[in-house]
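Structural description and commentary
Each chain is listed here by its residues.
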Amino acid sequence: MLLIKNTKYYQSMTYDFLRIVVSTLLSFSAKLNNTIMRIKMKTETIRKTARRNFSERLNLAKPFIIKKHFLPLLKPYFLLIAGAVISLIIFSLTSLTLPYVLKIAIDDVLPNKNIRLLTVGIISIVLIFGIRLIFFYISHYLTYYTSQKILFDIRRKLFQHLQKLSVRFYQTHRTGKLISNVITDVGVIQQLISSTLINLAVHCFLIILVMICLFIINWQLALICLVVIPFHAANFLYFKKEIRKNSLVRQEKVSEISGNLAEILTGSTVVKSFAKEKTESKHFITDLRKLFDMNLTIVMQGVWSSTFADILVLIGRLIALGSGAWFVFEGHMSIGEFVCFYSYLGMLFPSIVQLSSLSQVIAQGSASMTRIGRLLEESVEVEDEKNPITTDSFKGNIEFKNVTFAYYGKAIIKDFSLNIKPGQSIAFVGQSGSGKSTIANLLVRFFDVTGGSIHIDGNDIRKYKMSNLRKNIGIVQQTPFLFSGTIFDNISYAKDGSSLEEVIEAAKKANIHEFIEEQEDKYDTVVGENGVNLSGGQRQRLSIARTLLKNPDILILDEATSALDNHSEKEVQKALEALMKGRTTITIAHRLSTIKNADSIIVLENGRIKQQGNHNELLSKDGPYKELYLLNQEGEHDETKK
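Residues numbered from 1 in each chain as written. Predicted model: local features only at pLDDT ≥ 70, side-chain atom pairs only at ≥ 80, totals over all residues. Heavy atoms only, no water.

1. Observations concerning the overall build of the protein
Assigned secondary structure in the protein consists of 22 helices and 10 strands. Residue burial in the protein is summarised as follows: out of 642 residues, 41% are buried. Across the protein, contacts joining residues at least 24 apart in sequence account for 79% of those joining residues at least 6 apart. For the protein, the exposed area adds up to about 35,400 Å²; of that, 60% sits on carbon and sulfur atoms. (Helix = DSSP H or I, 4+ residues; strand = E, 2+ residues; numbered from the N terminus. Buried < 20%, exposed > 50% of the residue type's maximum accessible area, 1.4 Å probe, protein only. Contact = heavy atoms within 4.5 Å. Areas by Shrake-Rupley, 256 points an atom, 1.4 Å probe, with all protein chains shown as cover.)

Rendered as structure tokens:
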């Protein structure tokens, strides 16, 4: 009775334990399934949204992009590629010897106890292995060397193309996203070319050679065993296509995150001043979660591809084992031939699995090529003519002839005509959006006119070599840009091979030399990113020193003092007066007190000349200039009171 009770007790315990385990597993399975479904639905939503937003620009179905921009890069390295291919073929051929030696050992050496043949076989294997090592080194060296040269050419081509693109392109594309294209996408291509393509080539050669050997040994058995090959191909192509689509969307998301991050880091003071750190962190984490979902989808697609490949390999091995045994039983194959056949099959299937596992990297590399190809497809709006005019200097005569300029269909400059004599000082004033800065941008060909023409010294500026044109025109902008190097680096940027004496002379004329000498490292002082370690006036005077060293014949001052306080403005104004001497000068002014001495003042309104004359002439008559001047005086008077 006690035994029966104990038995029932343990049965009850076992039942309860199993019930708990089963219910736990079912609960976990349900939760896991729900989680996977949520991730799939979320990822699909993100993918559809991103594809809808970006597909038109990325133009997914254009393989000609890769053919147009990447295949020509292979031509200069044809001999190196040919050498790598031949070395890989020889390397792959050496892999095929061991199964055949094994066949000889089973069919000829063991039954006949042929020691001499065994010795020959062992020595042959050692020699072949030595040859294999040599061609392994040669093939990999040539492949890596060639791939690095091609990557160098891709980076150079991309960077040079980006340099040629117009200002309009950079106004419509985020810097962070472009950096992602240059670094992240090229990095993915580097992984594709430097490692994946080697494995791809080796495995492809090996698969072809092994299949030939299988058909030579027994073509009937080979046909039976290779029935799974089409399924391997379908598995590879399907997942490659799916991963490529998802990779395009994911890499676009990476670019978007890079762009957002660049903006947040650059505008860190604004973020802090509005106490938006938590908000920006939340946005960043939200983007990272979306990226996590995309990465998980791509990785799991790669896992599924490998899983299906493994299942197909198992099916192929079982078919080979069963069919091969039957062939041996029926006397159609010797045991040695079957072992050799099965050994070759053991080399074939792992290579096929490896190809399936490469689908993820190949798809991602293809997506990166498409994205970079789209950048290379961006048209260059402003470029030199076939035989441009070159000149070392300009006299400084500028003539605008019925100039019209439209930006995305909106007319900014309308039938603008003006003649500026050499050495003359001209000022443009007007309300924001009247077209002042646009005229300066047209003169240096940041944009090209849509109607009319601009002439310098009697020649249309489009006929000049662009580098010559811009070398002879100096620009001092409202917000000067400084590089993160030293003071010397920033000033000497204007002239290659500048000496310290030349840089010091330019700094003295710009009234910045004394400040530089007060610094511990003097001209080797690091200014920080965009001159963050300097004040606005100091940055502006460094910019003026840089322009002075350039020594241009034509000068453009684009509201060079509007962002400065009164003290800094006076210091900068002195530097500007030194810069303007003997040069044709175009000043775009916000503070009208800085242009009183201009030879002629042009008042612009909606892209047209509204008034023209010197300061006294315009002030003596009612009009927009007088209104602007009085408003300006009130503003300056209020600033003085403060």
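2. Things to note about the sheet that holds strand E2 (residues 410–420)
Across the sheet, four strands lie side by side as E2-E1-E4-E5; this open sheet has antiparallel pairing. Edge positions in the sheet fall to E2 and strand E5 (459–460), since each has one partner strand and no second. (Pairing = 2+ DSSP bridges.)

3. Concerning the pairing of strand E10 (residues 608–613)
Bridging between strand E9 (residues 600–605) and E10 involves five bridges; their strand directions are antiparallel. When the bridges of E10 are listed, leucine 604 appears paired with isoleucine 609. The antiparallel hairpin formed by E9 and E10 contains two residues in its connecting segment, where asparagine 606 sits at a positive phi of about 55°.

4. Details of the layout of surface pockets
Each pocket or cavity is described by its volume, and for the largest pocket that value is around 2,600 Å³. Along its surface, the largest pocket is lined by 50 residues, and Gln163, Phe446, Arg470, Phe483 and Tyr493 are the ones closest to its centre. At five residues, the largest contribution of residues to the lining of the largest pocket is made by helix H19 (residues 536–550). Looking at the lining of the largest pocket residue by residue, the classes come out as 24 nonpolar, 14 polar and 12 charged. Shared between two domains, the lining of the largest pocket holds at least three residues of each, these being domain 2 (54–377) and domain 3 (398–641). (1 Å grid on protein atoms, 1.4 Å probe; cavity = no way out; pocket = protein on both sides within 12 Å on 5 of 7 lines; lining within 4 Å. Points joined across faces, edges and corners; volume = space filled by probe spheres on them. Nonpolar A, V, L, I, M, F, W, Y, C, P; charged D, E, K, R; others polar. Domains from an automatic or database assignment.)

5. As for the pattern of salt bridges
For the structure on display, the rule yields seven salt bridges. Residues aspartate 287 and lysine 253 are paired through a salt bridge, measuring 3.3 Å at the closest nitrogen-oxygen approach. Of the two residues, aspartate 287 is situated in helix H11 (residues 277–329) and lysine 253 in helix H9 (residues 229–266); the sequence distance between them amounts to 34 residues. Classification of aspartate 287 as buried rests on a relative accessible area of 12%. Assessed through its relative accessible area of 8%, lysine 253 is described here as buried. A salt bridge links glutamate 502 to lysine 495; the nearest nitrogen and oxygen atoms lie 2.6 Å apart. On the basis of relative accessible area, glutamate 502 is assigned to the partly exposed category, the value being 29%. For lysine 495, a relative accessible area of 35% puts it in the partly exposed group. (Salt bridge = Lys/Arg side-chain N within 4 Å of Asp/Glu carboxyl O.)

6. As for unusual backbone geometry
Of note, the phi angle at asparagine 402 is positive, near 50°, even though the residue is not glycine. Relative to the elements of secondary structure, asparagine 402 occurs in strand E1 (residues 398–407). The class of asparagine 402 is partly exposed, set by a relative accessible area of 44%.

7. Some words on H19
For an α-helix, 3.6 residues make a turn, and residues three or four places apart therefore share a direction. Its 15 residues give H19 an end-to-end C-alpha distance of 21 Å, which sits within 8% of 21 Å, the value for a rise of 1.5 Å per residue. With 12 of 15 residues buried, H19 is to be regarded as a mostly interior element. All buried positions along H19 are accounted for by Gly537, Gln538, Gln540, Arg541, Leu542, Ser543, Ile544, Ala545, Arg546, Thr547, Leu548 and Leu549. Just past H19, the residue asparagine 551 takes up positive phi, approximately 55°. (Expected span 1.5 Å × (residues − 1).)

8. Things to note about the sheet that holds strand E6 (residues 473–476)
Strands in a sheet are paired, the pairing made by backbone hydrogen bonds, and the direction either parallel or antiparallel. The strand order E6-E7-E8-E3-E9-E10 describes an open sheet built from six strands, whose pairing is mixed. The open sheet has two edge strands with one neighbour each: E6 and E10. Taken pair by pair, the neighbouring strands of this sheet meet at an average axis angle of 20°, ignoring direction. Alignment of strand E3 (residues 425–430) against strand E8 (residues 584–588), held across four bridges, turns out to be parallel. Looking at E8, one finds that alanine 427 is bridged to threonine 587. Contacts from H19 reach E6 and strand E7 (554–558), with the element oriented near 175° to E6. (Axes fitted to C-alpha atoms, helices over the stretch in contact; angles between N-to-C directions.)

9. What to know about the packing of aromatic side chains
The tally for this structure, following the rule as stated, stands at 16 aromatic pairs. Pairwise contacts between aromatic rings join Tyr238, Phe239, Trp304 and Phe308 into one cluster. (Phe/Tyr/Trp six-rings, centres within 6.5 Å; stacked < 30°, edge-to-face > 60°.)

10. Considerations on the packing of helix H4 (residues 97–112) against helix H5 (residues 115–164)
Contact geometry for H4 and H5: axes closest at 11 Å, N-to-C directions at 175°. One element, H4, and the other, H5, form an angle in the roughly antiparallel class. Contact with H4, carried on its side by Thr97, Leu98, Val101, Ile104, Asp108 and Val109, involves Leu117, Leu118, Gly121, Ile125 and Ile128 of H5 and no other residues of that element. For the contact of H4 with H5, a count of residues per class yields eight nonpolar, two polar and one charged. (Parallel < 35°, antiparallel > 145°, perpendicular 65-115°, else oblique.)

11. Here's the deal with a negative patch on the surface
Taken together, the side chains of Asp489, Glu520, Asp521 and Asp524 make up a negatively charged region of the molecular surface. Examined against the element boundaries, aspartate 524 turns out to sit in the loop between helix H18 (513–518) and H19. (Patch = residues over 30% accessible without salt bridge, like charges linked within 9 Å, V, L, I, M, F, W, Y side chains within 5 Å. Lys, Arg positive; Asp, Glu negative; His and termini not counted. Charge placed at Lys NZ, Arg CZ, Asp CG, Glu CD.)

12. Re a nonpolar patch on the surface
Together, Val299, Met300, Val303, Trp304, Phe308, Ile311 and Ile315 make up a nonpolar patch on the protein surface, roughly 600 Å² of accessible area in all. The topology assignment puts isoleucine 311 in helix H11.

13. Some thoughts on the environment of glutamate 377
Summarising the element assignment, glutamate 377 is placed in helix H13 (residues 359–377). On the accessibility criterion, glutamate 377 (25% relative accessible area) is partly exposed. Residues glutamate 377 and histidine 161, 216 residues apart in the sequence, show an inter-C-alpha distance of 9.5 Å.

14. Some words on the confidence of the model for the protein
Put simply, the protein has an average pLDDT of 77, and 84% of its residues get 70 or more. In the model of the protein, helix H1 (residues 2–58) stands out as the element of lowest mean pLDDT, 47, in contrast to strand E4 (residues 451–456), which has the highest, 91. Every residue in residues 13–22 is under pLDDT 50, and counting partners more than four places away or in other chains gives zero contacts. Across residues 24–28, where pLDDT falls below 50, the model places zero contacts with residues more than four positions away in sequence or in other chains. (pLDDT = per-residue confidence, 0-100.)

15. Some remarks on the side chain of glutamine 424
Here glutamine 424 is to be found in the loop between E2 and E3. In this structure glutamine 424 touches Asn419, Arg583, Thr584, Thr585 and Asp599, once residues within four positions along its chain are discounted.

16. Focus on the packing of H4 against helix H12 (residues 335–357)
Put simply, H4 and H12 touch, their axes get as near as 8 Å, and they point 160° apart. Between H4 and H12, the angle is such that the two are roughly antiparallel. Relative to H12, the crossing made by H4 is right-handed. Contacts between H4 and H12 pair Pro99, Tyr100, Leu102, Lys103, Ile106 and Asp107 from the former with Ile335, Gly336, Glu337, Val339, Cys340, Ser343, Tyr344 and Met347 from the latter. Partitioning the contact of H4 with H12 into residue classes produces nine nonpolar, two polar and three charged. (Left-handed = near helix turned anticlockwise from the far one by under 90°.)

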